[in-house]
Amino acid sequence: MKDALPARLRAALAGLLSVAAGLAIGQFAAALRDPATSPVLAVGSAVIDRTPTSLKDWAIRQFGTHDKLVLLSSVTVVVLIVAVLSGLAARRRVLLGIVIQLAMLAVAGWAVLNRPFARTADLIPTITAGVVSLAILVLLLWLDRQPFLRRVPPGASRRDFVVGSGVTAAAAAVGFGAAQRLNDSRSGVDVQIPAAADPAPDLPQGVQSKVPGVTPLRTPNSKFYRVDTELAVPSLDASRWSLRIDGEVEHPYEISYAELLRRPLVERNITITCVSNEVGGSYAGGATWRGVLTRDLLQAAGVKDPSRPDLQVLSTSFDGFTISTPLGALTDDRGALLAVAMNGEPLPRSHGFPARLITPGLYGMLGCTKWVTRLTVTTYAAKKAYWTERGWTTKGEIKPTARIDVPQSFGSVQAGRVVIGGTAWAQRRGVVGVQVSIDGGPWHDATMGPQVNVDYWRQWYYAWHATEKGTHNARARVIYGDHQVQTSRRAGVFPSGSSGIEERSFVVH
């Protein structure tokens, strides 16, 4: 009787399932130790580090916060295609299939060991994945009664292969599920953050109740944007975390998490923005941050010559990722923080637990290091940070902008009273007002929401009486500081942040 599955398809399936099972077990082994040592995540991180800046910007524009998922999916698809090829090759010559899978193993091992602070023990998940994958490949081929492994009469039943394939697929699903559950179990944070000795004023009532669709004055932790290079949310143990302050200082020292929490904590309402935020983009958020003033931490170390203009603070994340911040931004009166809490809760793991920097007025790539473990006072000439090496600016003051939240782009609204609203920010200078222009006409002052402080965004809205049906355009610009007007000059995000006036079209019917 003719086989239900052709021989080539069975061989391809053997390669695919063997690698899938190996990846599942490797993922679980990584979850037991460090998720970042997963073979897939390690290769994905290596791809990120070697991707041209222009391609990264394109991915963020196209996929937003899903860019990491797209990358991991792409890496996984490539791996599985190679897995299929290994099965097809093994049908002809088993050693060739094994060599192909060993090559994949070598690439993953190289990616793991090229991580900053990598140790030989970090190879355990990759080696485990390789051993499981190769063993299952040979087993499935044997169950398939391939002639080079087992001599059987032609046309023998393939029931054993089908059963073995089903068991392998189930084992892979269980392995991936167990790894995911283990990672999810570490997502919570069980620490108590002391009250602030210097609390932030309560945020006033925003205009979101009057203007549905306008971004809330405070961004909930679960809705706060996340842009970083980590493919898996780090799961750091606060009891083992410490921050080292060194470099051009008189008294280098190290402080534990418990010691940090015993220091006087302050709270500040601060809006932060990502340099990858396009005009009208969503990579901005306002929150109440609680932590220790960075100027106090650096003062305790005693910066040797704080007046030198070429000094920076090179902040290092747990995995060696670095960010370059001007020394003055962390020591002046703006109130930069080493934050441990966000909106009244311990800092979420996805936003930097146990501690992260929050620097008002600077884009996140220059002053908001997550999972920070070291602050090194040095010169720009001596050390270059991750983004600096890739051509981004070392200045990075956030550019003032007004964003339109409603109506939706090309959305439909009823004729009559049409409310156009959104948010605006101008950190370190403060939002004075917002002006709106309809269909290229004159600029009109918008009604402003409450002013929190110069480093916090501000809501606004403008009521327009629409009498003519059809497509209309709205533009918005911010007035800030000493009544300065937002620039209309268009610029992309690279190398120092986007600029230009947002324009939104909508349909009146």
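Everything below is about the structure shown above.
A brief report on the enclosed structure follows. All values reported here derive from a predicted model rather than from experimental measurement.

What about unusual backbone geometry?
Okay, so step 1: Between Phe353 and Pro354 the backbone carries a cis peptide bond, its omega angle lying at 10°.
Okay, so step 2: Within the fold, Pro354 resides in the loop between β8 (345-346) and β9 (356-358).
Okay, so step 3: For Phe410, which is not a glycine, the phi torsion comes out positive at approximately 60°.
Okay, so step 4: Tracing the sequence through the fold places Phe410 in the loop between β11 (401-406) and β12 (412-413).
Okay, so step 5: Positive phi, normally seen in glycine, also occurs at Arg428, with a value near 75°.
Okay, so step 6: Tracing the sequence through the fold places Arg428 in the loop between β13 (416-425) and β14 (431-438).

Topic: the state of the cysteines
Okay, so step 1: What the rule picks out here adds up to zero disulfides.
Okay, so step 2: Take Cys274: it sits in no disulfide, and the sulfur closest to it among the cysteines is that of Cys368, at 9.6 Å.

Considerations on the sheet that holds strand β2 (residues 253-256)
Okay, so step 1: Read from one edge to the other, the open sheet built from five strands follows the order β2-β1-β10-β5-β6, with strand pairing classed as mixed. Whereas interior strands pair on both sides, the edge strands pair on one side only; in this sheet they are β2 and β6 (322-326). Within this sheet the neighbouring strands show an average axis-to-axis angle of 20°, counted without direction.
Okay, so step 2: In the sheet, strand β5 (residues 311-317) pairs with β6 via five bridges, with the strands oriented antiparallel. The residue of β6 that forms the bridge with Thr316 is Thr322.
Okay, so step 3: Contacts from helix α9 (residues 294-301) reach β1 (242-247), β2, β5 and β10 (372-379) within the one sheet, and its direction differs from that of β1 by about 55°.

Observations regarding the sheet that holds strand β16 (residues 447-448)
Okay, so step 1: The sheet built from four strands is open, its strands ordered β11-β13-β17-β16 with antiparallel pairing. Only two strands of the sheet have a single partner each, and these edge strands are β11 and β16.
Okay, so step 2: Here five bridges tie β11 to β13, and the two strands are oriented antiparallel to one another. Of the residues in β13, the one forming a bridge with Arg403 is Thr423.

Some remarks on the packing of helix α2 (residues 39-49) against helix α5 (residues 94-113)
Packed helix pairs are characterised by how far apart their axes lie and by the angle those axes make with each other.
Okay, so step 1: Contact geometry of α2 with α5 gives a least axis separation of 8 Å together with a crossing angle of 70°. On the basis of the axis angle, α2 is roughly perpendicular to α5. Between α2 and α5 lies a crossing of left-handed hand. Side by side, α2 and α5 meet where Pro39, Ala42, Val43 and Ala46 of the first sit next to Ala108, Trp110, Ala111 and Val112 of the second.

Considering the packing of aromatic side chains
Okay, so step 1: Tallied over the full model, the rule gives twelve aromatic pairs.
Okay, so step 2: Their ring planes at 65° and their centres at 5.9 Å tell us that Tyr257 and Phe353 sit as a pair that is edge-to-face. Here Phe353 lies in the loop between β8 and β9 and Tyr257 lies in helix α8 (residues 257-262), a separation of 96 residues in the sequence. Across this residue pair, the class does not change: Tyr257 and Phe353 are buried.
Okay, so step 3: Their ring planes at 45° and their centres at 6.1 Å tell us that Trp425 and Trp457 sit as a pair that is tilted. Here Trp425 is found in strand β13, whereas its partner Trp457 is found in the loop between β16 and β17 (458-466), with 32 residues between them in sequence.
Okay, so step 4: Of the residues examined, Trp425 reaches a relative accessible area of 2% and is grouped as buried.
Okay, so step 5: Note on Trp457: relative accessible area 1%, which makes it buried.
Okay, so step 6: An aromatic cluster is present here, built from Phe321, Tyr386, Trp387, Trp392 and Phe494 joined pairwise through their rings.

Cut-offs used in this document
- Chains are numbered independently. Their residues run from 1 in the order of the written sequence.
- Only residues with pLDDT of 70 or above have their local features reported here, since the model is predicted, and side-chain atom pairs are shown and tallied only from 80 upward, although totals for entire chains, interfaces and linings are computed over all residues.
- Side-chain metrics in this entry use all non-hydrogen atoms of the structure; hydrogen atoms and water are not considered.
- The numbering of helices and of strands both runs from the N terminus, where a helix is a DSSP run of H or I of at least 4 residues and a strand a run of E of at least 2.
- Pairs of cysteine sulfur atoms within 2.5 Å are identified as disulfides in what follows.
- At least two bridges found by DSSP between two strands are what make those strands a pair.
- Axis lines are fitted through C-alpha atoms, for helices just across the contact stretch, and the angle between N-to-C directions can take any value from 0 to 180 degrees.
- Only heavy atoms matter for contacts: two residues are in contact if any of them lie within 4.5 Å across the pair.
- What sets the label is the angle itself: under 35 degrees gives roughly parallel, over 145 gives roughly antiparallel, 65 to 115 gives roughly perpendicular, and the rest give oblique.
- Crossings are sorted by hand: turned counterclockwise from the far helix by less than a right angle, the near helix makes the crossing left-handed, and turned clockwise it makes it right-handed.
- Two rings from Phe, Tyr or Trp (for Trp, the six-membered ring) form a pair when their centres are within 6.5 Å of each other. A pair whose planes differ by under 30 degrees is stacked, one over 60 is edge-to-face, and the rest are tilted.
- A 1.4 Å probe rolled over the protein chains alone gives each residue an accessible area, and that area as a share of the maximum for its type sets the label: buried under 20%, exposed over 50%, partly exposed in between.

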